[in-house]
Amino acid sequence: MFARRWWRNRYRIVPAQVIGAIETGDTPILLDVRTATDFETSPLRLPGAVRLEPEAVDKPDFTLDVAPEQMIVTYCTTADEATSAAVAQKLRERGFKRVRILKGGLGGWTNARLPVESKSALPSIAWKSTRA
């Protein structure tokens, strides 16, 4: 059981470790790999995160303007970071050596009370009062 847990978590990184990497100068690239629905319905993202559609990694013409040695941290909002894990595996198959999965995803980051930012282009939601 211990080996199974270790195997599942070997590429995961907690938010404090991401902050530690930033403080030591090893600035990771944060990839927002939430599904289109999750991305559109959430007003938040991690500061400086780059949006990457999860399906884009499967395309033959996929490119990511990041050095293979650069640390990449994927995050999502799915249970057990399923989307992040799938994208991270595909990135490792494409030659990126230091791909990590943010443990807890966006929720883990916000629960650690780390800074988040609003997405710049949010759709406006009209609210109408039913009171006269």
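Per-chain numbering applies: the sequence of each chain, read as written, is numbered from 1 onward. For a predicted model such as this one, the threshold for reporting local features is a pLDDT of at least 70, and the threshold for listing and counting side-chain atom pairs is 80 or more; totals across whole chains, interfaces and linings nevertheless cover every residue. The basis for every side-chain value is the complete set of heavy atoms in the structure, and neither hydrogens nor water enter the calculation.

**Overview of the overall build of the protein chain**
Put simply, the rule is: Helix and strand labels come from DSSP, where a helix needs a run of H or I of at least four residues and a strand needs a run of E of at least two; each type is numbered from the N terminus. In this scheme, a residue with accessible area under 20% of its type's maximum is buried, one over 50% is exposed, and one in between is partly exposed, where area comes from a 1.4 Å probe on protein chains only.
Secondary structure assignment for the protein chain yields five helices and seven strands. Put simply, the protein chain runs from its N terminus to its C terminus through helices and strands in the order α-β-α-β-α-β-β-β-α-β-α-β. Projected onto its principal axes, the C-alpha positions of the protein chain cover 60 × 35 × 35 Å. Expressed as a percentage of the 132 residues in the protein chain, the buried residues total 33%.

**Examining the nonpolar core**
Rule in force here: The definition of a nonpolar core used throughout is a set of buried Ala, Val, Leu, Ile, Met, Phe, Trp, Tyr and Cys residues joined through side-chain atoms within 4.5 Å. Note on definitions: a residue-residue contact is assigned when non-hydrogen atoms from the two residues lie within 4.5 Å.
One finds L31, L52, F62, L64, I72, L91 and F96 to be the most contacted residues of the largest nonpolar core, which totals 16 residues. Breaking this core down by element, the ones donating at least two residues are α4 (82–93) and β6 (99–102). The element that contributes the greatest number of residues to this core is α4, accounting for three residues. Setting aside residues no more than four positions away along its own chain, L31 makes contact with V50, L52, L64, I72, V73, T74, Y75 and L91. Judged by nonpolar contacts, the second largest core, of 12 residues, contains A21, L102, L106 and W109.

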